[in-house]
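Below, each chain spelled out in residue letters.
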Amino acid sequence: MTMSTILFELGCEELPPKSLKPLRDALQASVTEQLNEAEISFDSIKAFAAPRRLALQIQGIGDKQPDRSEQKRGPAIKAAFDADGNPTRAAMGFAKGLGIEASELITINTDKGDYVGYEQTIQGQATTELLPAIFQTALDKLPIAKRMRAGSSRNEFVRPVQWAVLMQDSTVIDTTIQGHQTGTQTRGHRFHSPDYHNIAHANDYEELLSGLKVVADFDKRQMLIKNQVKALADEVNSDAIVPQALLDEVTALVDFPIALRASFEARFLQVPQEALISTMQADQKYFCLTDKEGKLQPYFIFITNIESKDPNQIIEGNEKVVRPRLADAEFFFLQDQKQPLFALTESLKNRVFQDKLGTIWEKSERIAKLAAFIAALMQQQGQQISIDETVRAGILSKADLASSLVGEYPELQGIAGTYYARLNNEPEAVATSLEEQYLPKFSGDVLPQTPIGICLALADRLDTLVGIFAIDQAPTGSKDPFSLRRSAIGILRILIEKQLPINLVALVEQAIKNYTTEEGSKIAKMGDTFTQVIAFLNSRYRAMYTEQGVSVDTIQAVQAINPHMPLDFDQRIRAVQAFSELSQASMLADSNKRVANILAKSEVSVADNVDETLLSESAEQNLYASVQQAQTAVQPLLEQADYTQVLQTLASLDEPLTQFFDNVMVNNEDVALKNNRLALLKQVRALFLTVADISELQL
């Protein structure tokens, strides 16, 4: 079998930069899958993607599919031959259909009897015959939201197609792809080398293009950009901000990347740097520079696609373009400062938070109340926090939504508030909390650090959660327009990771109360809302802990006893995890299942107390003694919520419980004995349930 190299290239108008990498990956995945399905062997497949091309190079590809033999099964032997062994019409018809003589038929033995049949060899098709359809199918399946047609052509693609290459080693595989006749001609860089060039051999592709000023390999281009950006940043002793999505987009915009550094006036640095960074990244695709402390420097780096004889002209051009953008941000920033932050809250009275839930101003009043309630709980637990400052922060929490800066850069909500609060000389604790109220923004994000920030972050999320459930807009399926799932996990994470022993029931009740004003409550069904919100919060534990690698049965064991305090829930989870590692764990989990089943089947209500005089067998006397010891030992541990130690202590019940089940008949005919034994098992069960229902464990 001969091995060769296949080269496929589709040349287009500039492809959409945000989709270039996904298109490359989808093309490679689809072709790989189809080659495997067709059983065509190959050594390697490499994808290329640049602004005007998608390409694949397949090396060491087999020239055809393997031959395969196929069995055709005909009628049963009984029906195929008559008593004299001559073929019947059924057999002759079957043979004729296959174009063979009846004498060439063979017997096929199956477990359902014997049949006549025929074994034929099906020749594998040539790779070159199969490839055109494979590439066209892959192109048709690409994830393109909106396909375009060029002129009068019927062929649709994400951008107008200009040329197509399909070759095996040095010869063309003659076909039509996306309406273009395939050839061996490619084009280089749009400016430096726009003409068609002949590809002599499929293996020359990358090298030929690099001579035509096109770095065809996306990942190589990306490395070039990263290295150049770092070198230019190092020259001014700075770090470049390089978000992956921006880096991918810039890599997709250039064939031949050249990084240049430019600067802007230092006076713009008084503007919140988040606004400057936002505009430079989003509008200009620039990489911003900061000092080692993360403070913005008056430079930026941009990537050009042209090797210029006079780079200074390009640099000046970019400086000219960015200046009005920065001046806009500066204008909004100065405009906002003409009145204090508090004055902006006035216009929140006309801004709707949600039709049925009132204005954003009303929401900030509720946040202030709920945050103050949480602050009071934190004070009782010995935390330093001022209730007055918490209320002030709550009232100011949404003020920056009315600012010009946030109007222009919505991602600055909270951040702008913190800047303006500092400029207004609000207490530092108030100012910092305005930015922290939105944390965590995404899964695994940092949490608010300051006590007031924690109060606002909890209050804001709880208020939204309760309000949206109250008006029946709870998330369904994949729809969650208010990001309530993320909010709920945020609430749980803050209470757990900030070690706050606060009860969800108290928080949700308070959040519901705050919806009541002189005109009455905005919440019609308070009881239902309460039940639904608590259930929703409890249901988020599973997503949160499975992400941390906790097994589902561990989570279920804790959920079975329904703790209302997230911090307490977490301590129980850790205890059950540690318990699962013990050698006695699986026996105890099984014993607990037995105990639970026996108690569930009991028709009478089981007494709480055991009558010692009725304990006749030594195994039940031992178990009772062990239970009493355990009760005494775990009491102080439970008061300190040291659940891990509780379960370690209860591990000592393993032996006595096993002995009890081996030697004692619970369902004794003597009712008094039976009920007493049930009471003993109830005490065993109660001991374990002080931490979690370990009968749920699958060990």
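Read on for an overview of the structure. Please read these numbers as outputs of a predicted model, since none were measured by experiment. (Residues numbered from 1 in each chain as written. Predicted model: local features only at pLDDT ≥ 70, side-chain atom pairs only at ≥ 80, totals over all residues. Heavy atoms only, no water.)

So, the nonpolar core
Working step 1: Within the largest apolar cluster, 140 residues are counted, with the highest numbers of intra-cluster contacts made by Met280, Leu405, Leu458, Tyr545 and Leu650.
Working step 2: Ignoring any residue separated from it by four or fewer positions in sequence, one finds Leu458 in contact with Ile374, Ile491, Ile494, Leu495 and Leu500.
Working step 3: Counting 36 residues, the second-largest nonpolar core is a separate cluster that includes Ile6, Ala47, Leu56 and Leu166. (Core = buried A, V, L, I, M, F, W, Y, C linked by side-chain atoms within 4.5 Å. Buried < 20%, exposed > 50% of the residue type's maximum accessible area, 1.4 Å probe, protein only. Contact = heavy atoms within 4.5 Å.)

Let's talk about unusual backbone geometry
Working step 1: Cis geometry is adopted by the peptide bond preceding Pro440, which originates at Leu439 and carries an omega value of -5°.
Working step 2: Assignment of secondary structure puts Pro440 in the loop between helix H15 (428–436) and helix H16 (451–470).
Working step 3: In this structure, Lys213 is a non-glycine residue whose phi angle is positive, near 65°.
Working step 4: Examined against the element boundaries, Lys213 turns out to sit in the loop between helix H5 (205–211) and helix H6 (218–235).
Working step 5: Of note in this structure, Asn562 is not a glycine but carries a positive phi near 55°.
Working step 6: The partly exposed category is assigned to Asn562, whose relative accessible area is 41%. (Helix = DSSP H or I, 4+ residues; strand = E, 2+ residues; numbered from the N terminus.)

Here's the deal with helix H11 (residues 360–380)
Working step 1: When the terminal C-alpha atoms of H11 are compared, their 30 Å separation across 21 residues agrees well with the 30 Å that a helix rising 1.5 Å per residue should span.
Working step 2: The positive-phi residue at the C-terminal boundary of H11 is Gly382, with phi of around 90°. (Expected span 1.5 Å × (residues − 1).)

A short note on the packing of aromatic side chains
Working step 1: For the structure on display, the rule yields 13 aromatic pairs.
Working step 2: Between the aromatic rings of Phe300 and Phe302, the centroid separation amounts to 6.3 Å while the plane-to-plane angle is 40°, which identifies the pairing as tilted.
Working step 3: With a relative accessible area of 4%, Phe302 lands in the buried category.
Working step 4: Relative to Phe569, the ring of Tyr541 has its centre 3.6 Å away and its plane inclined at 5°; by these criteria the two rings are stacked. Of this pair, Tyr541 sits in helix H19 (residues 526–547) while Phe569 sits in helix H21 (residues 566–580), placing them 28 residues apart in sequence.
Working step 5: Chaining the aromatic ring pairs together yields one cluster made of Tyr286, Phe300 and Phe302.
Working step 6: In this arrangement the basic side chain of Arg187 is found over the ring face of Tyr196, its NZ or CZ atom lying 4.7 Å from the centre.
Working step 7: Across the ring face of Tyr643, the terminal group of Arg572 is positioned such that the distance to the ring centre comes to 4.2 Å. (Phe/Tyr/Trp six-rings, centres within 6.5 Å; stacked < 30°, edge-to-face > 60°. Lys NZ or Arg CZ within 6 Å of the ring centre and 35° of its normal.)

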